[in-house]
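# Descriptive analysis of the structure
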Amino acid sequence: MKFSINRESLLKPLLLVSGAVERKSTLPILSNVLLEVSGQSLTLTATDLELEMVSYAQIDNHAQDAKVTIPARKLLDICKSLPDDSLLEFELENEIIKISTGRSKYTLSTLSADDFPNIEEWQGDVEFQLLKSEFLRLIESTHFSMANQDVRYYLNGMSIETEGNEIRSVATDGHRLAICKISNDTLALPTRQVIVPRKGILEIIRLLDPLEETVKVFLGSNHIRIIDTEFSFTSKLVDGRFPDYRRVLPRNGDKILQTSREEMRQVLSRAAILSNEKFRGVRLNFSSSELKITANNPEQEQAEEVVEIDFPFEDVEVGFNVSYVLDVLNAIKDTNVKFTLADANSSVVIEGADTGEATYVVMPMRL
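Throughout what follows, the structure given in this document is the object of discussion. Fair warning: this is a prediction, and the values are worked out from it, not measured in the lab.

### Things to note about the packing of helix α5 (residues 261–272) against helix α6 (residues 322–331)
Axis separation between α5 and α6 bottoms out at 10 Å; the angle between their running directions is 150 degrees. Overall, the two elements α5 and α6 adopt an arrangement that is roughly antiparallel. Crossing of α5 against α6: the hand is left-handed. Facing α5, whose interface residues are R261, M264, R265, L268, S269 and A272, α6 presents V322, V325, L326, L329 and N330. The residue inventory of the contact of α5 with α6, partitioned by class, reads seven nonpolar, two polar and two charged.

In structure tokens:
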């Protein structure tokens with residue numbers, strides 16, 4: 001194996017695949033990246049057995065077809081630290097890869113490419129194309145509500161659902177629920193639900209840019225795959241049943257408040273400073289003309305904020321985890337937000353006042 005490649009041509013695909021490299025290194029080969037030379041193209045593959053990331057580069061000179069695995073982190077650090085216009089020469093000799101550029105020379109150990117694990121070939125039974133910006137919005141609108149290391153393992157991920165011309169993302173940790181849906185009249189999809197693990201979701205957010213370019217999405221029985229011109233990303237799915245979230249959507253909300261998202265975000269952020277660091281509780285008192293927000297902590301410190309509102313309903317007092325409400329207000333992009341309430345013991349529904357693309361449910365707290 002012998003080839004040369006420009007630093008920039010190698011660095012971008014190397015950064016793309018680095019997210020799938022196994023950090024804890026249970027198997028030494030999972031710390032490596034697989035390099036495959038075929039004609040003028042170089043394919044880079046990394047996996048941690050849950051995720052697989054493939055990206056592509058063009059090499060400068062034609063070399064014999066071959067493949068090898070190289071320590072990913074070391075190769076990335078070498079590439080990052082070299083000058084911008086460096087030309088890297090790779091040569092494999094006796095299971096050692098030699099990298100030279102100008103007067104710099106490096107030798108790295110390799111492991112056999114034959115031992116590199118491949119996610120088995122599979123066919124996606126549901127496939128669709130979506131703009132990167134839409135797919136990113138779908139995931140970013142709900143990902144913060146995923147559970148993290150919950151014993152109910154099926155909550156440690158996001159439900160992606162297809163139905164007709166609609167694609168939905170749903171995430172919940174048992175205390176809050178986030179749903180976002182995108183409709184596209186060009187789609188005609190079967191009804192399908194898969195759970196993508198948390199790590200896969202965070203990697204998709206890292207990979208996608210908010211561009212008006214399409215990306216292909218394939219759903220299989222055990223995997224989700226996203227194919228772009230620059231990369232192919234595959235993640236195993238969580239084997240489990242996602243809860244029927246439609247049953248917990250509050251139906252009895254009869255009190256609606258519309259208010260400025262940014263003003264609400266600012267007053268809650270200020271009140272949160274003096275909330276109990278562990279429970280993050282704030283109390284919201286809704287009356288006909290004002291909303292009073294109070295927070296206190298074990299040090300007997302207290303914050304009080306008052307916002308003028310138009311609330312032609314009976315007074316309501318309800319407590320919430322302020323972090324959950326702030327997460328929602330940060331995710332909504334509309335100028336105004338809509339709160340739908342019932343009573344002190346019922347969950348609140350929060351939506352953007354204009355689009356209605358995403359719906360958020362936050363359970364109350366006893367304070």
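### Some details on the environment of T186
Examined against the element boundaries, T186 turns out to sit in the loop between β12 (176–183) and β13 (189–197). Distance in space between the C-alpha atoms of T186 and N165 is 7.0 Å, their sequence separation being 21 residues. A polar side-chain atom of T186 sits 2.6 Å from a polar atom in the side chain of N184.

### Quick look at helix α1 (residues 7–18)
The first and last C-alpha atoms of α1 sit 16 Å apart over 12 residues, in line with the 16 Å expected at 1.5 Å per residue. Along α1, the positions that sit buried rather than exposed are R7, L10, L11, P13, L14, L16, V17 and S18. For α1, the N-terminal capping position is held by N6, with its side-chain oxygen 3.0 Å away from the main-chain nitrogen of E8.

### Remarks on the sheet that holds strand β4 (residues 51–58)
In spatial order, the strands read β5-β2-β3-β4-β16-β15-β14-β9; together these eight strands make up an open sheet with antiparallel pairing. In this open sheet, the two edge strands, each paired with only one partner strand, are β5 (66–71) and β9 (126–131). Taking each pair of neighbouring strands and ignoring which way they run, the sheet shows an average axis angle of 20 degrees. Against the sheet, α1 engages β2 (32–38), β3 (41–47), β4 and β16 (231–236), with an angle of about 170 degrees to β4.

### A short note on the sheet that holds strand β20 (residues 302–308)
Strand order in this open sheet of four strands is β20-β19-β18-β21, and the pairing throughout is antiparallel. Both outer strands of the open sheet, β20 and β21 (316–321), are each paired with one neighbouring strand and no more. Taking the axes of each pair of neighbouring strands and ignoring which way they run, one obtains an average angle of 20 degrees across the sheet. Two strands pair when backbone bridges link them, and strand β18 (residues 281–286) and strand β19 (residues 290–296) are joined in this way by four bridges, in the antiparallel orientation.

### Examining the pattern of salt bridges
Side chains that differ in sign of charge can pair as their charged atoms come close. Under the counting rule described, the total for this entry stands at 23 salt bridges. Across the pair D254 and K255 runs a salt bridge whose closest N-O atoms are separated by 3.1 Å. Note on K255: relative accessible area 6%, which makes it buried. The residue R261 makes a salt bridge to E262 at a minimum N-O spacing of 3.9 Å. For E262, a relative accessible area of 29% gives the class partly exposed. It is possible to trace a salt-bridge network through shared partners that takes in E161, E163, E166, R168 and R246.

### Remarks on the nonpolar core
F3, L42, F90, F135 and F286 are the most contacted members of the largest nonpolar core, which has 101 residues in total. Here the element with the most residues in this core is α6; it accounts for seven residues. If we skip the residues at most four places from it in the chain, F90 touches M1, K2, F3, I5, L10, L35, I70, L75, I97, K98 and I99. Of all hydrophobic cores here, the second largest spans 10 residues; its members include I195, V238, Y245 and V349.

### Re the packing of aromatic side chains
For the structure shown, the criterion picks out five aromatic pairs. Taken together, a centroid distance of 5.9 Å and an interplanar angle of 25 degrees make the contact between F144 and Y360 stacked. Here Y360 lies in strand β24 (residues 358–362) and F144 lies in the loop between α3 (132–140) and β10 (157–164), a separation of 216 residues in the sequence. A relative accessible area of 2% means that Y360 is categorised as buried. Between the aromatic rings of F311 and F313, the centroid separation amounts to 5.1 Å while the plane-to-plane angle is 70 degrees, which identifies the pairing as edge-to-face. On the accessibility criterion, F311 (0% relative accessible area) is buried. An aromatic cluster is defined as three or more aromatic residues linked by ring pairs; in this entry it consists of F286, F311 and F313.

Criteria and cut-off values
Residues numbered from 1 in each chain as written. Predicted model: local features only at pLDDT ≥ 70, side-chain atom pairs only at ≥ 80, totals over all residues. Heavy atoms only, no water. Axes fitted to C-alpha atoms, helices over the stretch in contact; angles between N-to-C directions. Helix = DSSP H or I, 4+ residues; strand = E, 2+ residues; numbered from the N terminus. Parallel < 35°, antiparallel > 145°, perpendicular 65-115°, else oblique. Left-handed = near helix turned anticlockwise from the far one by under 90°. Contact = heavy atoms within 4.5 Å. Nonpolar A, V, L, I, M, F, W, Y, C, P; charged D, E, K, R; others polar. Polar contact = N/O pair within 3.5 Å; in protein donor to acceptor, adjacent residues only side chain to side chain. Expected span 1.5 Å × (residues − 1). Buried < 20%, exposed > 50% of the residue type's maximum accessible area, 1.4 Å probe, protein only. Pairing = 2+ DSSP bridges. Salt bridge = Lys/Arg side-chain N within 4 Å of Asp/Glu carboxyl O. Core = buried A, V, L, I, M, F, W, Y, C linked by side-chain atoms within 4.5 Å. Phe/Tyr/Trp six-rings, centres within 6.5 Å; stacked < 30°, edge-to-face > 60°.

The values are spatial; any link to function lies outside them.
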